[in-house]
Structures are given as structure tokens and as C-alpha cells.
Amino acid sequence: MQLRTAVLAAAFTATLACGNDAPGGPSLEGTSFLDATLDGQAWVPDTVAGIMYGTSPDSGYLAIIAGRFEGARQETLIICIPFQQRGDVALGHFTKAGNGVYQVIPDTAVLARPFLTYTSRDEYLGYLTLARLSLGDSVATGRFSFQAATSPDTTAHRAVTGSFRVRYRFQQIYTLDAVP
């Protein structure tokens, strides 16, 4: 799990023409943003990026990645959904197609310290509504809501909601054939 999150976060640092597909999202015009609340409190990221990754520009996954930094503390919000699925996408366990992650790295100078990772879960399904998508401009908009829990589920859950407009980049991934 942390490897997948780390790969998405690394892709973030390296850095969808359809009209209104579903109600309730921001317009396609403007800069990238993510407005979120965490447990009912505003969560304002310092950076927002979108990465569509897959074997071709027509299929794969869209990852919306937002980061917030307070000194050596880093918080990351990652939402991943199947690309180009429009409308509501369930956000569940991280092994499923749609999922959400909220991660806290208490001290980036001491990476040996454990990360605190909250993920969407099948027991508390959330959703992301992909409202608008412009393939020609590589822009997606929508809203999301999910409850995230640690694994094992031993701490208080985190309620994550928000909306976004993200201009994404395509990153091709390659697969290797199985060796006999």
C-alpha cells in the first residue's frame, strides 16, 4: 500500500471533449484546484496535480494528488479512479479501481518514522463524481466524499469531502509479459 502511494506521490513531483456529463462539479474553465474538508475543517493544499496513467491515453487511471506542507510535516490526499468512467465511481479498498488515501508524514527529515495512512474502505464506501471531462484539454472536474480508516482499523476515521478541477498529464506505463 505504501509503495503504491509512494509511486503516485513520486509521479506527482515529476509531473479528460465532453460537456456536462454529471451534475455538481466545477466548470472546465480555470486553473487546477482542490477544495477539501477533513473532518469538517477546511483542508487547503499547497499543490494539486493530475496524472492519467495507463498503457494508452484512452484507458487507465486518473490520480488526483494534493499536498500540504507545514514545516517538515507533509499531508497528502490521493484519489484514484478508472479513466474515463464518468458519473459516480465508488471509492473503496485500495485494491479496487476507485480509492482514496489521506496520508500524514510527521517529519519528512526522518523518513524512518511510520507514516499515518488512512484509506477508503469497502465497509464505508465513498464516491467520486466525475462531472465534466474535456479530453482535448486534459481537464477533469468533480466532487468526492469518503470515510478513511487505518489498517488495521484502530484509530478514529477521517471524513474527507471536496471538489476539484484538475488539468492532468498522461504518463504511459508498460507491462512485462510473464516469464515461463
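Q: Can you help me understand the pairing of strand β4 (residues 47-56) in this one?
A: Side chains on a regular strand alternate between the two faces of the sheet. Pairing of β4 with strand β5 (residues 59-70), which is carried by 8 bridges, proceeds in the antiparallel orientation. The residue of β5 that forms the bridge with Ile 51 is Ala 63. Where β4 folds back onto β5 in an antiparallel hairpin, the turn is made up of 2 residues. Bridging between β4 and strand β12 (residues 158-172) involves 5 bridges; their strand directions are parallel.

Q: So what exactly am I meant to see when it comes to the nonpolar core here?
A: If you look at soluble globular proteins, the nonpolar side chains tend to sit buried side by side. Counting residues in each nonpolar core, the largest one holds 28 residues, and the members touching the most others are Leu 34, Leu 77, Leu 128, Phe 144 and Phe 164. Counting only elements with at least two residues in this core, the list comes to β2 (33-38), β5, β6 (73-83), β7 (87-91), β8 (99-105), β10 (126-134), β11 (139-149) and β12. Ignoring any residue separated from it by four or fewer positions in sequence, one finds Leu 34 in contact with Trp 43, Pro 45, Val 48, Ile 64, Ala 66, Leu 77, Phe 144, Ser 163 and Phe 164. Core analysis: the second largest hydrophobic core is formed by 7 residues, Ile 51, Ala 63, Ile 78 and Val 101 among them.

Q: What is the right way to read the packing of aromatic side chains from this model?
A: Any two aromatic rings considered together are summarised by their centre-to-centre distance and by the angle between their planes. Using the criterion set out here, one finds 5 aromatic pairs in the structure. The interplanar angle of 70° and the centroid separation of 5.7 Å between the aromatic rings of Phe 83 and Tyr 168 together place this pair among those described as edge-to-face. With Phe 83 in strand β6 and Tyr 168 in strand β12, the pair connects residues that are 85 residues apart, well separated along the chain. Per residue, the accessibility class of Phe 83 equals that of Tyr 168, and both read buried. One aromatic cluster is present, built from ring pairs that chain together Trp 43, Tyr 102 and Tyr 118.

Q: Can you help me understand the environment of Ile 105 in this one?
A: Structurally, Ile 105 is set in strand β8. Overall, the relative accessible area of 10% leaves Ile 105 in the buried class. Placed 32 residues apart in sequence, Ile 105 and Arg 73 show a C-alpha to C-alpha distance of 5.8 Å.

Conventions used here
Residues numbered from 1 in each chain as written. Predicted model: local features only at pLDDT ≥ 70, side-chain atom pairs only at ≥ 80, totals over all residues. Heavy atoms only, no water. Pairing = 2+ DSSP bridges. Helix = DSSP H or I, 4+ residues; strand = E, 2+ residues; numbered from the N terminus. Core = buried A, V, L, I, M, F, W, Y, C linked by side-chain atoms within 4.5 Å. Buried < 20%, exposed > 50% of the residue type's maximum accessible area, 1.4 Å probe, protein only. Contact = heavy atoms within 4.5 Å. Phe/Tyr/Trp six-rings, centres within 6.5 Å; stacked < 30°, edge-to-face > 60°.

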